[in-house]
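Residue strings, one per chain:
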Amino acid sequence: MEINATYTSLVAVGDSFTEGMSDLLPGGSYRGWADLLAARLAARTPGFRYANLAVRGKLIGQIVDEQVGPAAEMGADVITLVGGLNDTLRPACDMGFVRGRLEEAVERLAPSCKQLVLMRSPGRRGPVLDRFRPRMEELFLYVDELAARHGAMVVDLYGAPVLGDRRMWDVDRLHLTAEGHRRVAEAVWQTLGHAAEEDWRAPLPPEVRAPWVERRVSDLRFARQYLGPWIGRRLTGRSSGDGRPAKRPELLPYEAPLP
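The paragraphs below set out a description of the structure included in this document. (Residues numbered from 1 in each chain as written. Predicted model: local features only at pLDDT ≥ 70, side-chain atom pairs only at ≥ 80, totals over all residues. Heavy atoms only, no water.)

## Here we look at the overall build of the chain
The number of helices and strands found in the chain is nine helices and six strands. A buried classification covers 50% of the 259 residues belonging to the chain. Pairs at least 24 apart in sequence give 76% of the contacts found in the chain among residues at least 6 apart. Carbon and sulfur atoms provide 56% of the accessible area of the chain, an area that totals close to 12,300 Å². (Helix = DSSP H or I, 4+ residues; strand = E, 2+ residues; numbered from the N terminus. Buried < 20%, exposed > 50% of the residue type's maximum accessible area, 1.4 Å probe, protein only. Contact = heavy atoms within 4.5 Å. Areas by Shrake-Rupley, 256 points an atom, 1.4 Å probe, with all protein chains shown as cover.)

Written as structure tokens, this is what we have:
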């Protein structure tokens, strides 16, 4: 059953998850679930327009200050908002502040579009993320509350065990692979009322674990290449998105990213 097959525009707001990391194209740019969703919607609607304002590393305050205003002014049919998770992963996190800025974003965006879409973000299973899981779940409960209050849709990615499977995550253990992004696009597609094209929750085949030594080498490589620099940015107040513009800052007719 289709709820609405006539969406003519999409604006995506958020951080690296919505920018598309780590769905890397051969040319070096990132695609991601929002681009995939826009492509599918554009195939149904001539002249479909799309903007993606998301920038990696952004905290909820930055998302509200830098992206929400421009997104609201675009008057799109659909706006997706995913933010706050980067805040929960900081050593010190004021959840009251996060909730307040998220509420501010929803109150501004909901009246400006036909349909606001929020998400309970996926989380990779593992000991590192488990430390921050209570904060994440507090955030997601508030997402549910805001959605109920403002008529937004919620895509529950956190509740899908397959998206916690480590094989769905890139080597940095922070961002989904291309397969993960493809499944997220299908989840949002279905939430918007379009007929399912696949079961995005379907589990992966049983995993064949690598030998213990190989796993430990992988852990050390991850710590050196990704975890260390990530901690360094947290301690110095820097972000991977500092000075980086949005990849699709204007609401224009959809064009596929260059390969």
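Having seen the model, we can carry on.
## Here's the deal with the environment of Val 64
In this structure, Val 64 sits in helix α3 (residues 60-73). Sequence separation between Val 64 and Val 106 is 42 residues, and the spatial gap between their C-alpha atoms is 9.5 Å. Apart from residues lying up to four places away in sequence, Val 64 is in contact with Gly 69, Arg 101, Glu 104 and Ala 105.

## Some details on the packing of helix α2 (residues 33-44) against helix α8 (residues 178-191)
Geometrically, a packed helix pair is captured by the angle between its two axes and the distance between the axes. Orientation of α2 relative to α8, taken along the N-to-C sense of each, is 50°, at an axis distance of 8 Å. The orientation of α2 with respect to α8, classified from their angle, is oblique. For the crossing formed where α2 meets α8, the hand is right-handed. Contacts from Trp 33, Leu 36, Leu 37, Arg 40, Leu 41 and Arg 44 of α2 reach α8 at His 181, Arg 182, Val 184, Ala 185, Glu 186, Val 188 and Trp 189. (Axes fitted to C-alpha atoms, helices over the stretch in contact; angles between N-to-C directions. Parallel < 35°, antiparallel > 145°, perpendicular 65-115°, else oblique. Left-handed = near helix turned anticlockwise from the far one by under 90°.)

## Description of unusual backbone geometry
Here Met 21 and Ser 22 are connected by a cis peptide whose omega angle stands at 5°. In this fold, Ser 22 is placed in the loop between α1 (16-19) and α2. Positive phi, normally seen in glycine, also occurs at Arg 173, with a value near 65°. Within the secondary structure, Arg 173 sits in the loop between β5 (153-156) and α8. Taking relative accessible area as the criterion, Arg 173 reaches 23% and is therefore assigned partly exposed.

## Remarks on the packing of aromatic side chains
To describe a pair of aromatic rings, one takes the distance between the centres and the angle between the planes. Under the criterion given, the structure shown has three aromatic pairs. Judged by centre distance (5.8 Å) and plane angle (40°), the ring pair of Phe 17 and Trp 33 falls under tilted. Here the residue Phe 17 occupies a position in helix α1, and Trp 33 occupies one in helix α2, the gap between them amounting to 16 residues. Among the residues examined, Trp 33 registers a relative accessible area of 0% and is labelled buried. Note on Tyr 50 and Tyr 254: the rings are 6.1 Å apart at their centroids and 45° apart in plane angle, and the pair reads as tilted. With Tyr 50 in strand β2 (residues 49-52) and Tyr 254 in the segment after β6 (248-253), this pair connects stretches of sequence that are 204 residues apart. The positively charged end of Arg 40 is found above the aromatic ring belonging to Trp 189, 4.3 Å away from the centroid. (Phe/Tyr/Trp six-rings, centres within 6.5 Å; stacked < 30°, edge-to-face > 60°. Lys NZ or Arg CZ within 6 Å of the ring centre and 35° of its normal.)

## Describing the pairing of strand β4 (residues 115-120)
Counted residue by residue, β4 has six buried out of six residues, so it is predominantly covered. Both faces of β4 are covered, namely the face carrying Gln 115, Val 117 and Met 119 and the face carrying Leu 116, Leu 118 and Arg 120. Sheet topology places strand β3 (residues 78-82) next to β4; four bridges connect them, and they run parallel. Considered in β4, the bridge of Val 78 is made with Gln 115. (Pairing = 2+ DSSP bridges.)

## Points about α3
Between its first and last C-alpha atoms α3 spans 19 Å; for 14 residues at 1.5 Å apiece the expected length is 20 Å, and the two agree. Maximal helix bending in α3 amounts to about 45°, located at Gln 67; proline Pro 70 follows within four positions. Ile 60, Gly 61, Ile 63, Val 64, Gln 67, Val 68, Gly 69, Ala 71 and Ala 72 are the residues of α3 that are buried. Residue Gly 75 follows α3 closely and has a positive phi angle near 65°. (Expected span 1.5 Å × (residues − 1). Bend = angle between axes of the 7 residues up to and from the residue.)

## Brief notes about the pattern of salt bridges
Enumeration according to the criterion identifies 19 salt bridges in this entry. When the shortest N-O distance is used, the salt bridge between Asp 35 and Arg 248 registers 3.8 Å. Of this pair, Asp 35 sits in helix α2 while Arg 248 sits in strand β6, and the two are 213 residues apart along the sequence. Comparing Asp 35 with Arg 248 shows no difference in burial state: the two are buried. Across the salt bridge formed by Arg 182 and Glu 198, the nearest N and O atoms sit 2.3 Å from each other. Residue Arg 182 is found in helix α8, and its partner Glu 198 is found in the loop between α8 and α9 (212-236); the two are separated by 16 residues along the sequence. The exposure class of Arg 182 is partly exposed, given its relative accessible area of 34%. Here Glu 198 falls in the partly exposed class, since its relative accessible area comes to 27%. Each of the salt bridges in this network shares a partner with another, and the network as a whole consists of Glu 179, Arg 182, Arg 183 and Glu 198. (Salt bridge = Lys/Arg side-chain N within 4 Å of Asp/Glu carboxyl O.)

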